[in-house]
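# Summary of the model geometry
Given next are the chains, with one letter for each unit.
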Amino acid sequence: MAIIPNLRTRSIRGEAYVPPAPRAYIDTLFDYATFTNALATSPIGKLTGSQASSPIAIIGTGLAGLAAAYELLRAGATNVTLFEASNRSGGRTYSAVFNANQPEFIAELGAMRFPPTEFALFHYLNAFGIPVSGDFPDPGIVDTTISYQGQTYSWAAGSPPPSIFNTVYNGWNAFLANGATVDGVTLASPDSITDLLTQGNLAAANTAWQKYIDVFENESFYSGLFKIFNGPNPPGNTNWQHPADYQLFGALGLGSGGFGPLYPLGFLELVRMVIDGLETDQQFVLGGIESLATAFKQASFNGVPLGNLIKLGTPVTGVSVDSGSGVVALTIKGTTQKFSRAIVATSHRSAQISIGLAPGAPVTPQTYGALSELHSASSSKVIVMTKNKFWLNTPGLPANIQTDKLVRGVYFLDYSPGNPADPGVVILSYTWEDDSVKLLGIQDPQTLVKRLLQDVALINPDYAEQIVPINNDYDTYVKVIAWENEPYQYGAFKFNFPGDDILTQQLYYNYLLANNPSTDPYLYFAGESYSFHGGWTEGAITTGLNAATAVIKSLDGTLLINPNPLTDPGPGYNY
């Protein structure tokens, strides 16, 4: 789920689309694009005989758990069981249908916009023939209305943002293109680091990013911006005014909404997204991203669909490992079930709270500290299905509204292009952190929608009158979710605070312990919570692949793709 969709120049609707070149990601320096391309013709590895029949448990059935199961089954595993605490699989890929008679109109309650630099994700979308639409209707990609401090501004698609943004727009883009000098350290531009990754010059990329770690590891996004833009040589040659420019950036980013609540997060967490291209050319899945989870479940092995291996409504409430025998014992409904290997594919908070992982085998005190301390962001959505796509009726009307009010960001989605009389889907509110928490006290969907529409009416009364659920049926045609309230979730996605990158490193590289029998924990983590890409489906899938690779290695199977995440994990960084 994207946070900063407009912090760099992006392709514009109507332009020829050029897919991104395969490249490694900056924190791991492993090329998952090339690795997943190889998966098109070969499984990760091969398990035979007793290796194949060894019982393997996967806890959690989001994309991380499903991808790990899929690749283990492709490798020959015949005894895989997936445990799901809730009564639905898919995790935070949650494409809710308003009306079963109109399944094409979807409320994406979890992940909803996907940059093509999510190489592993797009490998599976392509493999299963799941189509994506053009650019997600982000601000500036479509005609946009911005409301800030009582004033309304128009932002035409493909144009620079309104002049009120000039200082932050020019400054940020100068930083992206030219880098900065902070505390006497010359920092390479984020764009140049992306180029190094594309060229495969990983040593130079590693050196450049280490400088960012040294300068910003313990800086929040706010304090990092202040160091850059209020130093003696600010990018763009203009110091940002305090507090005016920071309030503007905090209220709207560059029209993308909601930066204020993100200011306490780690500076590195935001910049790594830019370098890895995760905020560029957002796509959306017309059939809903949960269709990927469905495709995994429908995949058949030896005549048995993967979905048949899932035990819904079956929470795992304890895990222990006998390191001598290599037996992983799971507590399930008061009984113990034993497995040879296990993958925890839940959020880090669920691993601590619901599963009850605690210091001791297989969780070291350092690993437990990471599970306990990493931040999980709040996020909520309010989505309305309207009787038509009213915003298409008059040319020039915005398909996106951004405000500094309670409503924050409004997105207008077209799930049936070419059919303007069809129903529309409006994301009436998509918020994070404090802006999300503000809405928790309004439990009734009708009351919540009408409160948010008060803000929309101040900007565009006609829109407010038309963002009404079909037949005024708020039970059927309004979907509301607050991920911090969802059972077994405890938040929307992992997002690092300053200083947390070493905790992410601790969890991410857990799978490497499978390389040495003396350190093998027999239990591995998978999910965006354990990745450097918290909040992105890519982090879920790549860690799922890491965990599957570790299981194959741990069971003495043969790895068929080289390089792979176990043999070539990248040089790493000094946090």
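- Identification of the protein as Tryptophan 2-monooxygenase from Paraburkholderia xenovorans is taken from an unreviewed UniProt entry.
- The record held by UniProt for the protein lists under Catalytic activity (unreviewed entry) the comment "L-tryptophan + O2 = indole-3-acetamide + CO2 + H2O".
- Quoted verbatim from the Sequence similarities (unreviewed entry) field of UniProt, the annotation for the protein is "Belongs to the tryptophan 2-monooxygenase family."

## What about the pattern of salt bridges?
- For the structure on display, the rule yields 15 salt bridges.
- Measuring nitrogen to oxygen at the nearest pair gives 3.1 Å for the salt bridge that ties Arg74 to Glu71. One end of the pair is Arg74 and the other is Glu71, both in helix α3 (residues 63-74) and 3 residues apart, which spans about a single turn.
- For Glu71, a relative accessible area of 0% translates into the label buried.
- We note a salt bridge from Glu269 to Arg272, for which the minimum N-O separation is 2.5 Å. Here the residue Glu269 and the residue Arg272 both occupy positions in helix α10 (residues 267-275), the gap between them amounting to 3 residues, near one helical turn. Arg272 shares its class with Glu269; the two are buried.
- Salt bridges sharing partners connect three or more residues here, namely Asp27, Glu269, Arg272, Lys494 and Asp501.

## Remarks on the sheet that holds strand β7 (residues 151-155)
- Taking strand neighbours across the sheet as the criterion, the 7 strands line up as β7-β6-β19-β20-β21-β18-β22 in an open arrangement whose pairing is mixed. Taken across any chain shown, the strands that pair with only one partner, and hence form the sheet edges, are β7 and β22 (478-482). Here the average twist between neighbouring strands, direction ignored, is 15°.
- Along the sheet, helix α15 (residues 445-459) makes contact with β6 (144-148), β7, β18 (379-386), β19 (400-403), β20 (409-413), β21 (424-432) and β22, crossing β21 at roughly 90°.

## Considerations on the packing of helix α5 (residues 166-178) against helix α9 (residues 244-252)
- Orientation of α5 relative to α9, taken along the N-to-C sense of each, is 80°, at an axis distance of 9 Å. With respect to their mutual orientation, α5 and α9 come out roughly perpendicular. Facing α5, whose interface residues are Thr167, Val168 and Trp172, α9 presents Asp245, Leu248 and Phe249.
- In terms of residue class, the contact of α5 with α9 is built from 4 nonpolar, 1 polar and 1 charged.

## Some words on the pairing of strand β16 (residues 341-344)
- Here β16 shows two buried faces, one formed by Arg341 and Ile343 and the other by Ala342 and Val344.
- As paired strands, strand β2 (residues 56-59) and β16 are joined by 4 bridges and run parallel to one another. Considered in β16, the bridge of Ile58 is made with Ile343.
- In the sheet, β16 pairs with strand β24 (residues 523-525) via 3 bridges, with the strands oriented parallel. By the bridge assignment for β24, Ile343 is matched with Tyr524.

## Section: the domain arrangement of the protein
- When cut into domains, the protein gives domain 1 (32-90 + 289-375 + 493-559), domain 2 (164-276) and domain 3 (379-490).
- Across the contact, 12 residues belong to domain 1 and 13 residues belong to domain 2.
- Overall, the association of domain 1 and domain 2 removes approximately 1000 Å² of surface from exposure, summing both partners, and the carbon and sulfur fraction of that is 59%.
- In terms of surface lost to domain 2, no three residues of domain 1 exceed Phe495, Pro498 and Asp501, which account for 47% of the buried area on that side.
- Linking domain 1 with domain 2 are 2 salt bridges, by the criterion used here.
- Among the ionic pairs, Glu269 bridges to Lys494, the shortest N-O distance being 3.6 Å.
- At the junction of domain 1 and domain 2, the tally comes to 5 residue pairs in polar contact (both at pLDDT 80 or more).
- In the side of domain 1 that touches domain 2, the residues fall into 5 nonpolar, 5 polar and 2 charged.

## Comments concerning helix α11 (residues 290-298)
- Every buried residue of α11 is listed here: Glu290, Leu292, Ala293, Ala295 and Phe296.
- Tucked into the core, α11 has its buried residues touching α3, β4 (95-97), α4 (119-127) and α18 (537-554).

## Thoughts on the packing of aromatic side chains
- With the rule as written, the count across this model stands at 45 aromatic pairs.
- Seen in terms of ring centroids, Phe136 and Phe284 are 6.0 Å apart; in terms of plane orientation they differ by 90°. Their pairing is edge-to-face. With Phe136 in the loop between α4 and β6 and Phe284 in the loop between α10 and α11, this pair connects stretches of sequence that are 148 residues apart. We note that Phe136, like Phe284, is buried.
- With a centroid separation of 4.9 Å and 15° between ring planes, the pair formed by Phe525 and Tyr530 is classed as stacked.
- Residue Phe525 is classed as buried on the basis of its relative accessible area of 5%.
- Given the relative accessible area of 1%, Tyr530 is considered buried.
- Above the ring of Tyr94, the side-chain terminus of Arg88 is found at 3.8 Å from the ring centroid.
- The ring of Tyr430 carries the charged tip of Lys381 above its face, separated from the ring centre by 5.0 Å.

## Here we look at the layout of surface pockets
- Volume-wise, the largest pocket comes out at about 610 Å³.
- When contributions to the lining of the largest pocket are tallied by element, the ones reaching two or more residues are α3 and α18.
- Residues belonging to the lining of the largest pocket are distributed by class as follows: 19 nonpolar, 17 polar and 5 charged.
- Residues lining the lining of the largest pocket come from more than one domain, with at least three contributed by each of domain 1 (32-90 + 289-375 + 493-559) and domain 3 (379-490).

Conventions and cut-offs
- Residues numbered from 1 in each chain as written.
- Predicted model: local features only at pLDDT ≥ 70, side-chain atom pairs only at ≥ 80, totals over all residues.
- Heavy atoms only, no water.
- UniProt positions renumbered as here; feature names shortened; annotations may be inferred.
- Salt bridge = Lys/Arg side-chain N within 4 Å of Asp/Glu carboxyl O.
- Helix = DSSP H or I, 4+ residues; strand = E, 2+ residues; numbered from the N terminus.
- Buried < 20%, exposed > 50% of the residue type's maximum accessible area, 1.4 Å probe, protein only.
- Pairing = 2+ DSSP bridges.
- Axes fitted to C-alpha atoms, helices over the stretch in contact; angles between N-to-C directions.
- Contact = heavy atoms within 4.5 Å.
- Parallel < 35°, antiparallel > 145°, perpendicular 65-115°, else oblique.
- Nonpolar A, V, L, I, M, F, W, Y, C, P; charged D, E, K, R; others polar.
- Domains from an automatic or database assignment.
- Buried area = accessible area lost by both parts, 1.4 Å probe.
- Polar contact = N/O pair within 3.5 Å; in protein donor to acceptor, adjacent residues only side chain to side chain.
- Phe/Tyr/Trp six-rings, centres within 6.5 Å; stacked < 30°, edge-to-face > 60°.
- Lys NZ or Arg CZ within 6 Å of the ring centre and 35° of its normal.
- 1 Å grid on protein atoms, 1.4 Å probe; cavity = no way out; pocket = protein on both sides within 12 Å on 5 of 7 lines; lining within 4 Å.
- Points joined across faces, edges and corners; volume = space filled by probe spheres on them.

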